[in-house]
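# Tertiary structure, described
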Amino acid sequence: MSITTRVARGLLATAAFTMVAGTAMAADIFVIGGKPDDPFWSRVKKGAEDAGIVAEAQGGSVTWLGPQNYDNLGPDAAELIRQAIDQGADAIVGPDWVPEAMDPAFEAVVDAGIPLVIYNAGGLDAADKLGAMNYVGAVDAKSGYAAGEYLGKAGKKNGACVNTLPGAANIEAFCSGFIEGIAAAGGEGSTLQLPATAFGDATAVAQAVRAHLLQNPDVDALFAIGDADTNAAVSGIQQAGKTGQVEVCGINFNESILANIQAGSQACAIDQQGYQQGFFAVSILNNFVNYGVTIPTREILTGPGVIDASNVEQVIEGVKAGVR
């Protein structure tokens, strides 16, 4: 089926739901996301569940489906999408992490006439290709670019993106964007590629970073693709005896990352504002299924935002409120 046909079918599905929306049918919304213990995805999940309070008040529900690990990310996520269809979802939210594995499942969503929002990964291109209503999230390449540009403007000349999820389209885009960003600021970039089993494994990432820095003494900047990996990168820099010489910026953040930024041991974090990704995506679909309300701006960007010493105190206040 061509992209044009897919988009047209998605729009027809939208029209069909709009026609019945006046009955205020309850919306049972399924959200595909990350691991339950992934700090970033816990914030996305909270946003989805907070939006779900309204859905539940209207007789609907929000169901979160996430993989137990990221070892077989694309096929596992595709299976979760199919589970959502089989369990009678009225609407589905999902990230297009690995298009070649996940797109057939997303196409089945649209073919079944189920409203779809792509969020977190894939961008508007994925939403257009799949016939989704909207894309909610950051543009991955721009997030990486922001980190590379920031470090380059800070005087760093040789940066490496630590990729612990090779093959995931959004992670590859983070790294390519980082390389472009630091190059635009006068530096150069490369990718330190690790196996997917290293994602979130602090020891494995720290050891790999240490070895890479000792083998490549010109590297003076690192970009990590998640908060756990960022903490591990800081540790690897310390183990290599490069504290104060190699700066770090990473996607997402946690309390230790904010403390590192305060202390000066980390330059910046790139905030995708995951809470908003979950909240907006669920809200859009709940209002659409119940009332036919649509958002004409199909690309709803939640980032990138740069957290550094200039605004870290304000971010900490947002963390206390549970929305950052």
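For the structure given in this document, a descriptive report is provided here. (Residues numbered from 1 in each chain as written. Predicted model: local features only at pLDDT ≥ 70, side-chain atom pairs only at ≥ 80, totals over all residues. Heavy atoms only, no water.)

### Remarks on the packing of helix 2 (residues 39-57) against helix 11 (residues 274-291)
When two helices pack together, their arrangement is given by the angle between the helix axes and the distance between those axes. Two numbers describe how helix 2 lies on helix 11: the axes approach to 6 Å, and their chain directions differ by 30°. By the angle class used here, helix 2 and helix 11 are roughly parallel. The interaxial crossing formed by helix 2 with helix 11 has right-handed handedness. Taken together, the residues of helix 11 that come into contact with helix 2 (itself represented by F40, R43, V44, K46, G47, A48, D50, A51, G52, V54 and A55) are G274, Y275, Q277, G278, F279, V282, S283 and N286. (Axes fitted to C-alpha atoms, helices over the stretch in contact; angles between N-to-C directions. Helix = DSSP H or I, 4+ residues; strand = E, 2+ residues; numbered from the N terminus. Parallel < 35°, antiparallel > 145°, perpendicular 65-115°, else oblique. Left-handed = near helix turned anticlockwise from the far one by under 90°. Contact = heavy atoms within 4.5 Å.)

### Focus on the packing of helix 3 (residues 73-86) against helix 4 (residues 99-111)
The contact between helix 3 and helix 4 brings their axes to 8 Å, and the two run at 10°. Considering the angle they form, helix 3 stands roughly parallel to helix 4. Contacts between helix 3 and helix 4 pair G74, P75, A77, A78, I81, R82 and I85 from the former with A101, M102, P104, A105, F106, A108 and V109 from the latter. Class assignment of the residues belonging to the contact of helix 3 with helix 4 gives a composition of twelve nonpolar, one polar and one charged. (Nonpolar A, V, L, I, M, F, W, Y, C, P; charged D, E, K, R; others polar.)

### Considerations on the pairing of strand 8 (residues 221-224)
Covered by surrounding structure in strand 8 are A221 and F223 together with L222 and A224, the residues of both alternating faces. Examined bridge by bridge, strand 6 (residues 158-163) and strand 8 share four bridges and lie parallel to one another. Bridged to V162 within strand 8 is A224. The sheet contact formed by strand 8 and strand 9 (residues 247-251) spans four bridges and is parallel. Across the sheet, the residue bridging to L222 is V248, located in strand 9. Following the chain from strand 8 across helix 9 (residues 227-239) to the adjacent parallel strand 9, one finds a crossover that is right-handed. (Buried < 20%, exposed > 50% of the residue type's maximum accessible area, 1.4 Å probe, protein only. Pairing = 2+ DSSP bridges. Right-handed = clockwise from strand over helix to strand, strands pointing away.)

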